[in-house]
Structures are given as C-alpha cells and as structure tokens.
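A closer look at the structure
Read off the chains here:
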Amino acid sequence: MSVTLPRSASMSRGATGRRYRRPDRTRSRVAAWTAVTVIGLFGMLPVYWLVATAFTPDDRAFSFPPSLIPTEITFDHFTRLAENEHLFRYLVNSVIVSVVTAALSVVVSAYMAYAFSKFRYRGRRSLMHLVLASQMFPQAVLLITLYAVFSATGLLGGYTALVLSFTTFTLPLCVWMLKGIFDTVPDSLMEAASIDGASRWRTLHTVVLPLAGPGMVAAGLFAFVRAWNDFIFALTLTDPERQTLPPGLVHTYLGEFQTAWPDLMAASLVVSLPVVAAFMFLQRYLVGGLTAGAVKG
Amino acid sequence: MNTLSRRDALRLFGLAAGAAGASALVACAPDASGGAPAAGGDAAAKTFSFTSWSLNEEAQKAAVQSIVDAYATANKVTIKTASFPYNEYLNQITLKLRGGQLSGAIQLDVAWLGALAAMGRLTDLGAQAAKGGYTEAAIKSGQLGGKQYGLPWTTGSIGLIGNKEILEKAGVKEMPVTVEEFEEALRKVKALGGGVVPYAAATKAAQLKDILPWMRTFGSPLLEGDTITIGDEGSVAAVEWYKKLYDDKLIAPDVDRFDARALFSQGKAAFYDDAIIARGVVSAQAADKSLTEKMVPLARPVLKAGDAPQALLWGHVIVVVEGEGSQAASDFALHATSDTATTATFFEKVKMPPTTTAGLADPKVSGDTFTTEWTEKITKTASQNPFWRYAGYGQIETAIAEQVQAVLVGQSPAKDALAKAAETAKPLQK
C-alpha cells in the first residue's frame, strides 16, 4: 500500500523530480512570522507593564528611568486591594450593569435583526442605515443629551440610566452582527416550520434563534465588554454608590497630586480577570459568531 | 422568504422597544438615594450638600470628613457629601450644575472659578469674606470681576523647588536670584554628570503652561484688558531662553509634572516646579526618606535684581450655589476656611496652608519652616493666571503650549509660533 504524504508548503519538485526548498517563500514566511511576533510583543507590552508594576514596590515603581524587569517583588498592593471594601461594590455594580446591558442588547437586537433579515417592507434599508448611523454620533454630545433626558425622567443616578445608555451604543453593531447571521439561516427551514404549523413567533424562537446561538453570544460579549469598559458615562450618569469599576478605580487611585500606579495596576489586573475568563470560556462562540455571517449559506 | 406587512414590521419593532424598556426597568431598581437636591428652593434649609474631590483622596479624605462631621454635629445640620475624581471634576460639576442637580457648597480649584462663575449660579460670599480674616492674596483668589464668589480654603502657589544636596555638590552656594545666576547654576549641575537633569521643567505640551510665569518674568503681561500679548518681546524672549536651555540639555525632553516629581524624588533633578504640598507627594515616592529635608523653596529668578519674582497662584476655594440650603452652606464654607482651630488642625494633617492671618500665625503652621519659607518667598508675590477669567482658559493654555512645544522641537521660530498661538487663542476668549 502506498501512502501519499502531504507536500510541505515550502517544498516543491523540480524538473528532475528532486525536492527543493523555495527560498522566496521561506524568506517571506520568516518575515511574516517576525512581523507578527513583533506586533504581538508590542501589543502585549502594556499588559506586561501592568503586571510588572502591580508587583513592584512603590518606591521602585517611580524609579527613573523606569526598569522593564522588576528587581524586587511585593504583594502589598494586592493585600491593600483586598482591604478596600469600595472596590467590591464597584465590581458588583460592573457585573450588574454589564450583564443586564448584554442581555438587553441581545434580546432587542435579535428581534430587530430578525425583522431586518427576514421581512421585506418599504424603508427597510433606510432604517438599517439609520440604526448604524446612530453609532457615529460623538459620545460627548450623546452624554449631555442623555443626561438631560435621564434628569427629566428621574432615572439619573441609578443603574437604569447606565444600562439604557450603554444599550443605545451596543444595539447598532449587535443588530448588524445578528442580521448577517440570520441571513445565513435558510428560508426553507422556516417554511418547513410553517408547514408543520408553527407560528412566526414559534419559528423565531424554536428554529431561528437556536441556530443563531454563537452569534448571539458574540453580540452579548461585545455589549458586555462595552459596558464593562466605559468610564465617562458610568461616572456621569450614576451616583457614587452605583458607579462601575472604571470610574471607581480612577476615584480610588488617581488624585490631584498623586497617582497610586502600583495599586491601580494591581486592581486593574484583578478586575480584568473575570472578563478574561469569560472570553476564554466563550471564545469558540465568539469566533463562530463573528464569522457566521461572512459567507451566506 | 417570508413577507411582512408594514403593520407586522412595526409590531416587531414595538416589541423590541417594549422589551428594551421593560427589561431595563425590571432588571434595574430605581435609584432610591436620589441625586443632590435640585437648584432653587429654600435657601434657609438646614440640609445641604458638599461636593469635594478631597473627600475621596487618600491623603485628605479623613481630615475633610472630620471637618464636615464636626460642623454638622455642632450646628445640627445635615450635610450630604459627593465626590468626583479631580481630573473629571470640572466637567462633572459643570454638567450637574447646568442640569440643576448640584447645590450647596462646592470645593473648587482657583483656576476653575471663572468657568463656574460664568454659569451665573454662584452666591456672592462678600459678607462672609468680610468676617473671615483672610490674607490679601487669599481673598483675591476667590474674587472675579470684583465679586466674591469663593472663600479661600487653602492658598499657596506653584513655584520652584531645589535639591540642596545636589546644588551644594555642584558648588552652588547661594540660591540663584536672577535668570543669569539660575542658568549658571544649571550649568554647574550639568557638569556633575550622573544623569542629573539640572531643571526638570515641563516640556510636554500637557504641562507647558508652566512657561507662563517665565513669560511674565521676561516682561510679558500675557493679557492686557482683553488683548492677548503672547507674541510680544517678553514672551518671545522667554521662549527663546527656554529653547536655549532645551538645546543645551539643561532641561529634558518629554517631562511633565509627574515625570518631574519622579526625577526629583529619585535625586535626579536639581530644580523643578510644583505646588506647596508637593513635599508630601515627593517624600511618598522617594527611596531617600531624608529628601524632604533637602527640599528648598526658592523665588523664581528675576530678569534683574529687584524685580518681583513671578509665581502662579494655586489653591482651593469653596463656592456656594444659590438656592436650597445656601445660607447654611455659606456658614459652613466660612467655618471650614476661617476657623483657626479647624484650619490649623487641617494643616497639621494635610499640609495645606490656611488662608487667614490667624491661621498662618498658629504655632502648628508657623512652626513649619518649609511652609513659612514658601509663603514668604513664593506665595507672597504669586498671581492668578489672567486667562482663568475665561471659561475656555484650558484651551487657551493648550494653544500656547502646543506652539511652545513646536519651538522646542525646532519646528517653528518663537516669534511665529507665539503669534500663531495668540491667533488661535483669540476666539477662545469667552
């Protein structure tokens, strides 16, 4: 029995039948890998700096010029972090606001995307572009407007204002993301459900949405991260008791004259762990969801 | 493919919108605590709010909270406190004041008084100021257009600090008095080598407003009436001198206040500019715990002996919003800023100098050599930045800073750059 081995990408056969390495291809591969490595290291440098500073003693953290490799390690900043009861409150606020924003964004955008994807009506295309155009407004303009609206409606200061404002930012992209995914769901499936007697409502919930699962997870993650990272809206629209981590950390560690960088880095490291864990756990959905609409099935 | 009637489509969108509203309202409990009371209302009310960034700063919050608690107990009033981070403070209080969400007493940086007073919502505290016994320099820091908008809580200045040990090593026996002597001292420090920056002056655009007192030193008033004089002989001479220091490596590139403090606290800078309370910040960062003893405040060198040294006024004031609880808030502001026992104890805890003659004379304050020297050498002749009167003063400073940086990096001659800065700043005078 003969076995055909796969030919190496960088190998070929010459006229004599002997294998030889194509130098151009090898060189370009090395160049590409070098470029990717350099860019990767460059991208990881802030993360490295964050971790290194979190473990550096205060008087070393301010040494000038700064040292890339810590010469001394301390856990003091993490101990102080554990003693700060405000940070736990900020963390809980962040979780509440981000989870609710993600859930709300997914629910609302799923209905909107379904309507955009599966039905034909006058003005559909304009409406879709209008939804996307709302993403283009400068945030400062939106902040002032939303502040006035929430102030007039008595929602200012609570979680509601924050969740609603975050949802307004996340909806456009979530809708477009999910529309692309719904487009890939074959109409024949829906027609089959209809023939079996399922209502439109039931078809949506039992046929279409389960197929769009990875896309909905991806949209939810996008909304979650957007809500988790926001600083200025969380600072402005809520009272101090309901502020999330970004304004909370700034409030705690950045002052008029002093910035507690090592403590701030330690806190940032700890609070970023839940998001990193969520991404690691859901990454297969994320990749699937983001690319699901790329090629229409 | 299904087809949908317009009615069906609208129904679906309605469902989506309904889900948005309902989910949010169900998921999120309404705000029970409420925000600050709306502006307007009963001025004689015994409940008011106090907004202060110091209430959240590690070094100050306990001291500030104790002033608040002591006053509330002694006077049977209720004080609600609120705080925002310093760097976002002005934006936040402007927005909240405009939205009617802010009342009572508010801590302000003296630089922000013009921006907030322009909103027309601050109480005239002239009557309280007359009772406070404040120093002349302090009382002026709360005034604008002849009206007393704020009561001075702490008054200091941003001035030059020297490292006595480095200067002695370099052979600088006396603190320089003139610009010429200063430059000579810088050259001696540079000759020491060892990576010491002679003068950790601001060279990053974010902090290049520090050049304004140098422009004044060289004879530019910066503003005459409403005419910006940046680009005149004095300001051009100051920037050309700064450029010479830069080219001769007597000042270093890419330095802001944070970098300057780091350099100074590591014993790698002989001079730098900072506010009076820098002593505590530097000592917290320094590995050399005796550094504070080597810190010397010095009057900014002058062009010729006998000129008045220039320094930028720095400090905090307390303003009061007209309306709900404004009378009680005004009394609180007067107490916090002028009660001798309160201000002296506050100084003892946070090293922020009092603003009254009696407060400065208190042994707790007068016994502190660094503070008394600073007050005598620097704060005495310190003055406000004339651009503070404009709400857009920050943008004016940025316009100037960007052009000065262009000069430092050799992109533009000083005269052209400053003329351009003045041109950019002109429409921002409002």
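Calculation criteria
Residues numbered from 1 in each chain as written. Chains lettered and ligands numbered in written order. Predicted model: local features only at pLDDT ≥ 70, side-chain atom pairs only at ≥ 80, totals over all residues. Heavy atoms only, no water. UniProt positions renumbered as here; feature names shortened; annotations may be inferred. 1 Å grid on protein atoms, 1.4 Å probe; cavity = no way out; pocket = protein on both sides within 12 Å on 5 of 7 lines; lining within 4 Å. Points joined across faces, edges and corners; volume = space filled by probe spheres on them. Helix = DSSP H or I, 4+ residues; strand = E, 2+ residues; numbered from the N terminus. Axes fitted to C-alpha atoms, helices over the stretch in contact; angles between N-to-C directions. Parallel < 35°, antiparallel > 145°, perpendicular 65-115°, else oblique. Contact = heavy atoms within 4.5 Å. Nonpolar A, V, L, I, M, F, W, Y, C, P; charged D, E, K, R; others polar. Phe/Tyr/Trp six-rings, centres within 6.5 Å; stacked < 30°, edge-to-face > 60°. Buried < 20%, exposed > 50% of the residue type's maximum accessible area, 1.4 Å probe, protein only. Domains from an automatic or database assignment. Buried area = accessible area lost by both parts, 1.4 Å probe. Salt bridge = Lys/Arg side-chain N within 4 Å of Asp/Glu carboxyl O. Pairing = 2+ DSSP bridges. Right-handed = clockwise from strand over helix to strand, strands pointing away. Polar contact = N/O pair within 3.5 Å; in protein donor to acceptor, adjacent residues only side chain to side chain. Expected span 1.5 Å × (residues − 1).

As recorded in an unreviewed UniProt entry, chain B goes by the name Multiple sugar transport system substrate-binding protein, listed as coming from Streptosporangium becharense. According to the UniProt record, the Sequence similarities (unreviewed entry) comment for chain B reads "Belongs to the bacterial solute-binding protein 1 family."

As recorded in an unreviewed UniProt entry, chain A goes by Multiple sugar transport system permease protein and comes from Streptosporangium becharense. Taken directly from UniProt, the Subcellular location (unreviewed entry) text for chain A runs: "Cell membrane".

Residue and element names in this part refer to chain B. The space that makes up the second largest pocket amounts to roughly 1300 Å³. Lining the second largest pocket are 40 residues, and of these Tyr86, Asn87, Ala206, Gln207 and Lys209 sit closest to its centre. Put simply, the parts of the chain that give the lining of the second largest pocket at least two residues each are α3 (86-98), α11 (257-265), β12 (311-320) and α19 (393-408). Sort the elements by how many residues they give to the lining of the second largest pocket and α19 lands first, with six residues.

All names here are of chain A. Where helix α5 (residues 124-133) meets helix α7 (residues 159-183), the closest approach of the two axes is 8 Å, and the angle between their N-to-C directions is 135°. The orientation of α5 relative to α7 falls into the category oblique. Residues Arg124, Met128, His129, Val131 and Leu132 of α5 lie in contact with α7, whose contacting residues are Pro172, Trp176 and Lys179. In terms of residue class, the contact of α5 with α7 is made up of five nonpolar, one polar and two charged.

All names here are of chain B. Considering all chains together, one arrives at 28 aromatic pairs over all chains under this definition. Summarising the aromatic geometry, the rings of Phe182 and Tyr199 are spaced 5.3 Å apart at their centres and angled 75° between planes, so their arrangement reads as edge-to-face. Here the residue Phe182 occupies a position in helix α8 (residues 179-192), and Tyr199 occupies one in strand β7 (residues 197-199), the gap between them amounting to 17 residues. Tyr199 matches Phe182 in its accessibility class, with the two residues each being buried.

This part takes up the domain arrangement of chain A. All names here are of chain A. By domain assignment, chain A separates into domain 1 (30-73) and domain 2 (75-292). For domain 1 and domain 2, the distance between their C-alpha centres works out to 30 Å. Taken together, the contacts link eleven residues of domain 1 with twelve residues of domain 2. Roughly 910 Å² of surface becomes buried between domain 1 and domain 2 when both sides are summed, with 76% attributable to carbon and sulfur atoms. Area buried by domain 1 at its contact with domain 2 is led by Leu50, Ala54 and Phe55, which between them contribute 47% of it. Asp58 is the partner of Arg80 in a salt bridge, and the nearest nitrogen-oxygen pair spans 3.3 Å. Contributions of two or more residues to the side of domain 1 that touches domain 2 are made by α1 (23-54) and α2 (58-61). For the side of domain 1 that touches domain 2, the leading source of residues is α1, giving four residues. Its residues placed into classes, the side of domain 1 that touches domain 2 shows eight nonpolar, two polar and one charged.

Residues and elements named next belong to chain B. Relative to strand β2 (residues 78-82), strand β1 (residues 47-51) runs parallel, the two sharing five bridges. If you follow Thr47 over to β2, its bridge partner there is Thr78. A crossover links β1 with its parallel partner β2, the connecting element being helix α2 (residues 61-75), and its sense is right-handed.

The subject of this paragraph is the environment of Glu324(B). Residues and elements named next belong to chain B. Topologically, Glu324 is positioned in the loop between β12 and α14 (326-338). By relative accessible area, Glu324 is classed as partly exposed at 21%. A sequence separation of 221 residues divides Glu324 from Ser103, and the C-alpha atoms of the two residues are 6.5 Å apart. At 3.2 Å, the side chain of Glu324 forms a polar contact with the backbone nitrogen of Asp42.

Turning our attention to the environment of Ser366(B). Residues and elements named next belong to chain B. Tracing the chain through its elements places Ser366 in helix α17 (residues 363-366). Spatially, the C-alpha atom of Ser366 lies 31 Å from that of Pro198, the residues being 168 residues apart in sequence. Leaving out residues up to four positions away in the same chain, Ser366 has contacts with Leu360, Ala361 and Thr372.

Counting across every chain of the model gives 29 salt bridges over all chains. With a closest N to O distance of 2.8 Å, Lys179(A) and Asp183(A) form a salt bridge. Linking Lys179(A) with Asp183(A), this pair stays in helix α7, spanning four residues, or about one helical turn. When the shortest N-O distance is used, the salt bridge between Asp210(B) and Arg257(B) registers 2.6 Å. Linking Asp210(B) in the loop between β7 and α9 (211-217) with Arg257(B) in helix α11, this pair joins segments that are 47 residues apart in sequence. Several salt bridges share partner residues, and in doing so they unite Glu183(B), Arg187(B), Lys244(B) and Asp248(B) into one network.

This next bit is on the domain arrangement of chain B. All names here are of chain B. You can read the domains of chain B as domain 1 (47-155 + 315-383) and domain 2 (158-312 + 386-428). For domain 1 versus domain 2, the distance between C-alpha centres works out to 28 Å. On the side of domain 2, 22 residues touch domain 1, which itself brings 21 residues to the contact. Between domain 1 and domain 2, roughly 1900 Å² of surface is buried when both sides are summed, and carbon and sulfur atoms account for 66% of that area. Contact with domain 2 buries surface across domain 1, with Phe370, Trp374 and Ser383 losing the most and accounting together for 35% of the total. Taken together, the connections running from domain 1 to domain 2 amount to one salt bridge. The salt bridge partner of Asp368 is Arg279, with a shortest N-O separation of 3.2 Å. In this structure, the connection of domain 1 to domain 2 is made through six residue pairs in polar contact (both at pLDDT 80 or more). Those elements giving two or more residues to the side of domain 1 that touches domain 2 turn out to be α4 (113-117), α18 (369-377) and β13 (382-383). For the side of domain 1 that touches domain 2, the leading source of residues is α18, giving five residues. For the side of domain 1 that touches domain 2, the per-class residue count stands at twelve nonpolar, five polar and four charged.

Here we come to the UniProt feature "domain: ABC transmembrane type-1" (unreviewed entry) in chain A. As recorded in UniProt, the sites labelled "domain: ABC transmembrane type-1" (unreviewed entry) are residues 91-282 of chain A. Helix makes up 80% of residues 91-282 of chain A and strand 0%, and the two end C-alpha atoms of the span are 21 Å apart.

Residues and elements named next belong to chain B. Here helix α10 (residues 233-247) spans 21 Å end to end across 15 residues, near enough to the 21 Å set by a 1.5 Å rise per residue. Those residues of α10 that fall on the buried side of the exposure criterion are Gly234, Ser235, Val236, Ala238, Val239, Trp241, Tyr242, Lys243 and Leu245. Looking at the buried residues of α10, the elements they touch are α8, β7, α9, α19 and α20 (414-425).

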